[in-house]
Amino acid sequence: MTQGSMKDLLKKSALTVLDRGGAVRGFVNIGREQMLPYRMKRHMEYHTHGSFWLMHYFSNPKTSQVLLDQLKLDARVIRCNVVKVTDKLSQMLELPESPSETFTQPTASNVAVPTVSELGLKKVDFEEELHFKFWNPLHYYRALNQHRLRLNLPNPGQFEFLNKEIKTTMLTNFMFDGGRADLAKILSPNFQVMHSFQLGLPGQPSAFEFAGVYADEDTLMHGKMDTDFNLQGRMNYALSKKLQIKSQVQLMSNDSQSMLQLEGEYTGADYTGNVKVINPSLVDGTGIYTASYLQSITSKLSLGAELLYQSPMPKIQETSLSLAMRYQPSEDRAWVAQTQGSNLMTTSYWRKISEKCEAGAELQMLNVPSQGRREANCSVGVKYEFAASTIRAMADNLGKVSMLLEEKIAPGFSFLVSGELDHLKGENKFGVGLNLES
């Protein structure tokens with residue numbers, strides 16, 4: 001290896017450490033063109049001689065792994081390894097000023113390894129660096145971030161989707177009554193239109209909705225309008241891989257039901273932050289404002305909080321704080337506990353029993369001392385997927401039993417039957433639906 005190639009390799013290795021918040025003390029030339037202990041094969045070539053060098057540095061374990069991976073891919077490197085010397089930065093001050101003092105260089109090698117200064121890198125004064133970090137508040141923030149990077153925690157997802165498994169298992173979002181038909185036409189890989197027909201029960205008018213959806217890697221747009229000219233639309237746009245903005249508009253024939261919602265969401269490596277405003281008014285300051293944050297504490301535990309500020313009328317303000325916890329010991333089960341203000345608490349448990357069967361339970365507890373209300377509602381649901389059909393069933397402590405059957409008759413064509421019995425009130429609901437996609 002030439003002197004220029006050696007210098008380039010050392011500089012590249014040092015920058016890998018420095019760019020990730022580490023420190024490099026220096027280099028040691030152990031031997032140039034020395035005979036290897038045995039013939040080594042690397043990058044489809046056999047080698048009998050090689051140059052040995054050592055770099056003394058301080059960094060976190062993840063940086064060391066990145067450095068090893070980089071060296072293993074370099075065609076100039078035959079073998080590489082990392083040896084841990086100490087755990088603390090303060091203990092490095094006790095080591096010799098020059099790492100070469102701890103090694104006896106072979107006399108056959110008289111080629112000098114470039115120093116840190118010769119490589120154009122800044123030499124670190126460890127005593128000054130340690131003193132500066134001790135009094136610098138940013139050091140503790142950086143140390144915390146480095147600790148989080150070492151843990152390699154997963155992203156916990158969105159705050160509003162903590163119960164995503166329960167929502168897909170329970171019937172709450174799938175139940176309907178009367179007659180329904182949904183027809184979807186895919187016009188292109190990014191655009192499709194949908195027609196929805198709803199046959200109302202006695203006393204309820206029938207309805208028709210037309211909807212369109214456009215989606216690509218960065219943009220999602222969805223809009224629909226019914227026979228009463230009620231318009232609903234939403235748009236999501238990804239400014240980057242981590243930052244996304246969302247908007248939702250609802251124009252109803254009844255102005256009191258119209259709504260404008262703006263939202264910004266940032267997805268970090270192990271956390272998600274969200275800010276949302278609903279019907280904001282710059283004139284009188286009314287509106288609803290929320291901010292939520294969800295953080296992974298371990299690979300299985302996530303904690304989060306949501307702050308709500310609302311002003312329904314001028315000079316009337318209300319605030320509430322919601323807390324959430326999600327514990328997922330494995331991919332087939334999840335525990336969730338969430339409070340909504342100081343009056344409502346929801347807990348749930350979801351379990352994937354097999355590849356085809358999922359079950360869940362949800363408990364809601366309401367306590368409003370000012371109104372003398374103290375209630376609790378427990379629901380249990382199950383979802384089972386057959387080869388060509390899906391069955392969902394749910395029961396609660398109020399005497400309601402409901403079931404939904406989705407039969408896939410052909411690709412893109414499904415037949416749905418739903419029913420609900422309320423034993424305490426003596427009421428029942430029944431629905432039939434069709435889904436067609438072409």
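That block above? That's the structure.
No experiment lies behind these values; they were computed from the predicted model shown.

**Student:** So what about the pairing of strand S6 (residues 219-226)? Which residues, and what values?
**Tutor:** Here strand S5 (residues 207-215) runs beside S6; their pairing, made up of seven bridges, is antiparallel. The residue bridging Gly212 from the neighbouring strand is Gly223, located in S6. The loop that links S5 with its antiparallel partner S6 comprises three residues. Bridging between S6 and strand S7 (residues 231-238) involves seven bridges; their strand directions are antiparallel. Counted as the bridge partner of Met221 is Met235 from S7.

**Student:** Could you give me a rundown of a nonpolar patch on the surface, with the residues and numbers involved?
**Tutor:** Taken together, the side chains of Met221, Met235, Tyr237, Leu239, Leu243, Ile245 and Tyr266 define a hydrophobic patch exposed on the protein surface, amounting to about 570 Å² of accessible area. Put simply, the parts of the chain that give the nonpolar patch at least two residues each are S7 and strand S8 (243-251). Counting through the fold element by element, Ile245 comes out in strand S8.

**Student:** Tell me about the environment of Ser320, residues and numbers included.
**Tutor:** Considering the arrangement of structural elements, one finds Ser320 in strand S13 (residues 316-330). When the C-alpha positions of Ser320 and Gly341 are compared, they lie 5.0 Å apart, and in sequence the two are 21 residues distant. Contact partners of Ser320, with chain neighbours within four places excluded, come to Glu306, Leu307, Leu308 and Gly341.

**Student:** Let's hear about helix H2 (residues 61-73): which residues, and what values?
**Tutor:** Compared with an ideal rise of 1.5 Å per residue, which puts 13 residues at 18 Å, H2 spans 19 Å between its outermost C-alpha atoms and is within 8% of the ideal. Listed in full, the buried residues belonging to H2 are Thr63, Ser64, Leu67, Leu68 and Leu71. Seen along its axis, H2 keeps its buried residues to an arc of 140°; they face one direction. Tucked into the core, H2 has its buried residues touching helix H1 (3-18) and strand S2 (45-58).

Cut-offs and rules
- Residues numbered from 1 in each chain as written.
- Predicted model: local features only at pLDDT ≥ 70, side-chain atom pairs only at ≥ 80, totals over all residues.
- Heavy atoms only, no water.
- Pairing = 2+ DSSP bridges.
- Helix = DSSP H or I, 4+ residues; strand = E, 2+ residues; numbered from the N terminus.
- Patch = residues over 30% accessible without salt bridge, like charges linked within 9 Å, V, L, I, M, F, W, Y side chains within 5 Å.
- Areas by Shrake-Rupley, 256 points an atom, 1.4 Å probe, with all protein chains shown as cover.
- Salt bridge = Lys/Arg side-chain N within 4 Å of Asp/Glu carboxyl O.
- Contact = heavy atoms within 4.5 Å.
- Expected span 1.5 Å × (residues − 1).
- Buried < 20%, exposed > 50% of the residue type's maximum accessible area, 1.4 Å probe, protein only.
- Arc of directions from axis to C-beta.

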